[in-house]
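Chain and residue survey
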Amino acid sequence: MMYPNYRIDGSTRYILFQLVQKCLDLNLENFSFCYDQEGVYFYLKEHEDYWQLEIKQPDAGTTDLFQIQDDSISYKGSTRKE
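This write-up is about the structure you can find in this document. (Residues numbered from 1 in each chain as written. Predicted model: local features only at pLDDT ≥ 70, side-chain atom pairs only at ≥ 80, totals over all residues. Heavy atoms only, no water.)

Concerning the side chain of Thr 62
Quick note on the threshold: Only DSSP runs of H or I covering at least 4 residues are called helices, and only runs of E covering at least 2 are called strands; the numbering of each starts at the N terminus. In this analysis, two residues are considered to be in contact whenever any of their non-hydrogen atoms come within 4.5 Å of each other.
In this structure, Thr 62 sits in strand β4 (residues 62-69). Among all residues touching Thr 62, those that are not within four sequence positions of it are Asn 5, Ile 55, Lys 56, Gln 57, Thr 79 and Arg 80.

Regarding the sheet that holds strand β3 (residues 51-57)
We apply this condition: Two strands pair under a simple rule: DSSP has to find at least two bridges between them. Here, axes are lines fitted to C-alpha atoms. For helices the fit covers the stretch in contact, and angles between N-to-C directions go from 0 to 180 degrees.
Pairing is antiparallel across the open sheet formed by five strands, whose spatial order is β1-β2-β3-β4-β5. In the strand order of this sheet, the two ends are held by β1 (30-35) and β5 (72-80), each with one partner. This sheet shows a mean twist of 20° between the axes of neighbouring strands, independent of strand direction. Where β4 meets β5, eight bridges bridge the pair, whose relative direction is antiparallel. Bridge pairing in β5 links Leu 65 to Gly 77. Along the sheet, helix α1 (residues 10-26) makes contact with β1, β2 (40-46), β3, β4 and β5, crossing β1 at roughly 150°.

So, α1
Here is the rule: In this analysis, the expected span of each helix is defined as 1.5 Å times one less than the number of residues it contains.
Compared with an ideal rise of 1.5 Å per residue, which puts 17 residues at 24 Å, α1 spans 24 Å between its outermost C-alpha atoms and is within 8% of the ideal. Close packing links the buried residues of α1 with β1, β2, β3, β4 and β5. One or two residues past the end of α1 sits Asn 27, with phi positive at roughly 60°.

Next up, the structure:
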């Protein structure tokens, strides 16, 4: 079984759900931000029934892919740059 390279903690999970709601309120189809202290980049993109979340860690060369739907975040896979 594969596991994500970046662990989404409770506060980050809360922030992500709040951002999805704000994007819906503002009619934004995508949004990105960076945790400067960690060098982690978050990309949210709206799809028909869910939001896609990519978490990129350039220093580690990894990208994790998640799906946000309703009140859940589901891990979908990872890639690693060689």
